[in-house]
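Here are the chains, one letter per residue:
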Amino acid sequence: MSFKATFRIALDALLRNRARSLLTMLGVIIGVAAVIITVAIGSGARDSVQKQIEGLGSNLIVVMPGSVTQGGARTGAGGASTLTPDDGIAIAKLPGVAAVSPSVTVRSQVVAGGNNWQTTITGVAPTYTFIRNWSIVSGQFFSQNDVYSANKVAVLGQTVVQNLFPDGSSPIGQTIIAKGVPFTVVGTLKAMGQSGTGQDQDDTILIPYTSAMQRLTGSTTVSTLMVSAAGPDSVQPAQTAITTLLEQRHHIVPPQQDDFTVRNLQDIASAASSTGAVLEFLLAGVAAVSLVVGGIGIMNIMLVSVTERTREIGLRMSVGARGATILRQFLAESIMLSTVGGVLGVCVGIFVTLLIALIAKWPMAVSVYGVFFSVFFSALVGIFFGYYPARKAAQLRPIEALRFE
Amino acid sequence: MEPVVYTKDLQKIYDLGGGGRVAALGGVDLKINSGEFVAVMGPSGSGKSTFMHIVGLLDEPTSGIYRFEGSDVSTLSADERADIRSRRLGFVFQSYNLLSRTTALENAELPMIYSGVPEADRHRIALEKLAIVGVDSLRDHAPNQMSGGQQQRVAIARSLVNNPGLILADEPTGALDTKSSKEVMELFTHLNKEQGITILLVTHEPDVAAYAKRVITFRDGHVISDRLQDEKVAA
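Residues numbered from 1 in each chain as written. Chains lettered and ligands numbered in written order. Predicted model: local features only at pLDDT ≥ 70, side-chain atom pairs only at ≥ 80, totals over all residues. Heavy atoms only, no water.

## Concerning the overall build of chain B
Inclusion rule: Going along the chain from the N terminus, every DSSP run of H or I of four or more residues is numbered as a helix, and every run of E of two or more is numbered as a strand. Here's how the labels work: a residue is buried when its accessible area is under 20% of the maximum for its type, exposed when over 50%, partly exposed in between, all with a 1.4 Å probe on protein chains only. Contacts: residue pairs with any heavy atoms within 4.5 Å of one another. We get accessible surface area from the Shrake-Rupley algorithm with a probe of 1.4 Å; when it comes to residues, only the shown protein chains can shield them.
Per the secondary structure count, chain B includes eight helices and ten strands. Looking at chain B as a whole, 54% of its 235 residues qualify as buried. In chain B, of all internal contacts separated by at least 6 residues, the share reaching a separation of at least 24 is 70%. Summed over all atoms, the accessible surface of chain B reaches about 10100 Å², with 47% contributed by carbon and sulfur.

Right, here's the structure in full:
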């Protein structure tokens, strides 16, 4: 018997019991929709974490001082004061390094006219905006000359602008005072919103690192060195080269421990995304269980259907249907139930996903992979759970089936 | 010419378990030639239904020889039996056994789906046979929109579509009123006489058996009488 005829007979049988077919499919519809929705939530969350991490700056490598032991107490990473601007200049000459900026962080009360605000002042090089992927919205960034001469110039983040200049007047050319030192505002940064860890990235003031060291901290070392690798592929080699270089410059020989740490954001990003992947997998697993339950529903109804249609099976056999033909027919019915249920489930899933994205403003991403997986899996469920009832039908003996009341 | 049905010492023994056995057929020797119209009679439990099921290849004998249209079919596999049923046998049942919520035309087409007749031919042949049994005007009616007699006619049309060598009718008038019974039996007589179709009919009603040309009576798994009857006597 042809595939088309099998398909037709199965379709007719299903259409003869519309309500039952629909109710049977409901299990699969809900199961597949659940898979689509949970995967969408999972990958949506992962995407947004990924995006935030990328927002920190591409190919970023952070060099931090290591820990020091003071009176038996270890300070933890960043506790030591071992990194100097010269280390940064040496790193900048390494192959695979696109830009380096020292970073000196000071928390201070800042005054402008009648307003004051506590914020973080970071001393950086002009390359910093490139490294962090930040941009200037008004005025300009300070120059390398400002760094050489340790000029008292500053670039403000938008939160600082709003708090120090609440009347909306342009801060460019205005003077702000931090720790008694007056700085001239030369530019403002474009608003960047919250960072991946929930910090307000706009609550910042950038000044030349030389000015920060000489006028604010009075220190010869920097908090961190921010390095941008030339490309994603040069992150790892650059990281290794930086480690080797700094070990030489700091005269560290094994088994002495490095007095600095080199970390790249890709490590952090991949850690975050693998966490997301595990979560996604878990959610999909839970949803897959409901798909299996839907499959059991199909098996249940198909068994009832086989019993109910015993005489029909007997008749089909008496007019010449082979056991294998009967098997294919019932299998076709269950596969159609599960596949149509799967496709409807995908529609419901996508619809609900879009609805959630729209109403709850939750980042959602319908994964094509998830759609194909769940349709394929539901067809598989149809074969798996349809086989037993179909085999039961195929093994009926024609005379007994015909006599069945 | 080979007989359509030839049996030699045909036996069907049911094992009841615990050593008990019952012989539904205790060695039947029969020959049915092409063009015959045979009625098989006998009380319940006489073995007439078992005989029909074996002849119709719905069941297999425990021992003995059964040759259908000259070839030995006593030891065929289930699939081989299905193929012969599909191509060479037609069945008519007491309860019609039409598919519910399916039109007369589609019901009549059913055996051709399994014997692999192309779709275009299926319609034509089914309509042709529905016309022969006189229900072509009901082609789009489902069984529940037809009388018992009409349903049985559709069932007879269904048994004809593959041009079988033998039609097996199991109590075909058992569920019909007198008038419909008469019409159905006249239809069988017509098919036998005009189209030369071989018919084996199982019944326990003498009025029905009277339409046949030959009456075989079973009792306790054996043939106890096998006689030809004059059509005039029957009428």
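On we go.
## What to know about the overall build of chain A
Helices and strands together make up the secondary structure of chain A, namely 13 helices and twelve strands. For chain A, the proportion of its 405 residues judged to be buried stands at 47%. Looking at chain A alone, contacts between residues at least 24 apart form 77% of all its contacts between residues at least 6 apart. As displayed, chain A has an accessible area near 19300 Å², and 62% of this comes from carbon and sulfur atoms.

## Considerations on the interface of chain B and chain A
Note the threshold: Buried area counts how much accessible surface, traced with a 1.4 Å probe, disappears from two parts once they are put together, with both parts' losses summed. For this document, the term salt bridge refers to a Lys or Arg side-chain nitrogen within 4 Å of an Asp or Glu carboxyl oxygen. Any pair of nitrogen or oxygen atoms within 3.5 Å is treated as a polar contact; in protein, a donor-acceptor pairing is required on top of that, and neighbouring residues in sequence qualify only through side-chain atoms on both sides. The nonpolar class holds Ala, Val, Leu, Ile, Met, Phe, Trp, Tyr, Cys and Pro. Asp, Glu, Lys and Arg form the charged class, and all remaining residues, Gly among them, are polar.
Listed per partner, the contact involves 23 residues of chain B and 25 residues of chain A. When chain B packs against chain A, close to 2200 Å² is buried across both sides, 54% of that on carbon and sulfur atoms. As a salt-bridge pair, arginine 322 of chain A and aspartate 83 of chain B come within 2.4 Å of each other at their nearest N and O atoms. The interface formed by chain B and chain A holds eight residue pairs in polar contact (both at pLDDT 80 or more) in total. Put simply, the parts of the chain that give the side of chain B that touches chain A at least two residues each are helix H2 (78-88) and helix H3 (104-115) of chain B. Counted by class, the side of chain B that touches chain A contains nine nonpolar, six polar and eight charged residues.

## Notes on the environment of leucine 76 of chain B
Residue and element names in this part refer to chain B. Tracing the sequence through the fold places leucine 76 in the loop between strand S5 (71-72) and H2. Residue classification places leucine 76 among the buried residues on the basis of a relative accessible area of 18%. Sequence separation of leucine 76 and leucine 57 is 19 residues, and the distance between their C-alpha atoms is 9.1 Å.

## Quick notes on the sheet that holds strand S8 (residues 199-202) of chain B
Residue and element names in this part refer to chain B. Inclusion rule: Pairing between strands requires that DSSP locate at least two bridges from one strand to the other. Under this scheme, a helix contributes an axis fitted over its contacting stretch, all axes are lines through C-alpha atoms, and angles between N-to-C directions fall in the 0 to 180 degree range.
Read across the open sheet, the six strands follow the order S6-S7-S8-S3-S9-S10; overall the sheet is mixed. At either margin of the open sheet sits one strand with a lone partner, and together these are strand S6 (89-92) and strand S10 (222-228). If you compare each strand with its neighbour and ignore which way they point, the axes differ by 20 degrees on average. As defined by bridge partners, strand S3 (residues 37-41) adjoins S8 across four bridges and the pair is classed as parallel. Within S8, the position partnered with phenylalanine 37 by the bridge is isoleucine 199.

## Some thoughts on the packing of helix H11 (residues 323-359) of chain A against helix H12 (residues 368-394) of chain A
All names here are of chain A. Definition in use: By definition in this entry, angles of less than 35 degrees are roughly parallel, angles greater than 145 are roughly antiparallel, angles of 65 to 115 are roughly perpendicular, and the rest are oblique. Put simply, a crossing is left-handed when the front helix is turned counterclockwise from the back one by less than a right angle, and right-handed when it is turned clockwise.
Two elements in contact, H11 and H12, have axes separated by 7 Å at closest approach and are oriented at 150 degrees. In terms of orientation, H11 lies roughly antiparallel with respect to H12. The handedness of the crossing between H11 and H12 comes out as right-handed. Looking at the contact of H11 with H12 residue by residue, the class counts come to 14 nonpolar, nine polar and one charged.

## Quick word on the sheet that holds strand S1 (residues 5-17) of chain B
Residue and element names in this part refer to chain B. One open sheet holds the four strands; their spatial order is S2-S1-S4-S5, and the pairing between them is antiparallel. The two strands at the open ends of the sheet, each matched to only one other strand, are strand S2 (20-32) and S5. In this structure, S1 lies alongside strand S4 (residues 63-68), joined through five bridges in antiparallel fashion. Pairing of glutamine 11 across the sheet is with serine 63, part of S4. The strands that helix H1 (residues 48-55) touches are S1, S2 and S4; relative to S1, the one it contacts most, it runs at about 120 degrees.

## Considering a nonpolar patch on the surface
Put simply, the rule is: To count toward a patch, a residue needs a relative accessible area over 30% and no salt bridge; like charges are then connected within 9 Å, while nonpolar side chains (Val, Leu, Ile, Met, Phe, Trp, Tyr) are connected within 5 Å.
Taken together, the side chains of Phe351, Leu355, Leu358 and Ile359 of chain A define a hydrophobic patch exposed on the protein surface, amounting to about 460 Å² of accessible area. Residue placement: phenylalanine 351 of chain A occurs in helix H11.

## Focus on the environment of arginine 87 of chain B
Residue and element names in this part refer to chain B. Looking at where arginine 87 falls in the secondary structure, it is placed in helix H2. Judged by its relative accessible area of 46%, arginine 87 falls in the partly exposed class. Residues arginine 87 and serine 115, 28 residues apart in the sequence, show an inter-C-alpha distance of 6.4 Å. Residue contacts for arginine 87: discarding those within four places in its chain leaves Asn162, Asn163 and Pro164.

## Looking at the pairing of S1 of chain B
One face of the sheet, then the other: side chains in a regular strand alternate in exactly this way. Residue and element names in this part refer to chain B. In this sheet, S2 lies alongside S1 in antiparallel orientation, the contact comprising ten bridges. Paired with aspartate 15 across the two strands is arginine 21, which belongs to S2. Where S1 folds back onto S2 in an antiparallel hairpin, the turn is made up of two residues, including glycine 18, whose phi is positive at roughly 65 degrees.

## Quick word on the pattern of salt bridges
If you walk through the whole model with that rule in mind, you get 25 salt bridges over all chains. For arginine 20 of chain A, the salt bridge is made with glutamate 308 of chain A, and the minimal N-O distance between the two is 2.8 Å. A residue pair is termed long-range when its members are at least 10 positions apart, and arginine 20 of chain A in helix H2 (residues 18-55) and glutamate 308 of chain A in helix H9 (residues 265-308) qualify at 288 residues. Residue arginine 20 of chain A is classed as partly exposed on the basis of its relative accessible area, which comes to 23%. Glutamate 36 of chain B is paired through a salt bridge with arginine 214 of chain B; the nearest N and O atoms lie 3.0 Å apart. Of this pair, glutamate 36 of chain B sits in the loop between S2 and S3 while arginine 214 of chain B is found in strand S9 (residues 214-219), placing the two residues 178 residues apart along the sequence. Salt bridges linked by common partners bring Arg16, Arg309, Glu312, Arg316 and Glu333 of chain A together as one network.

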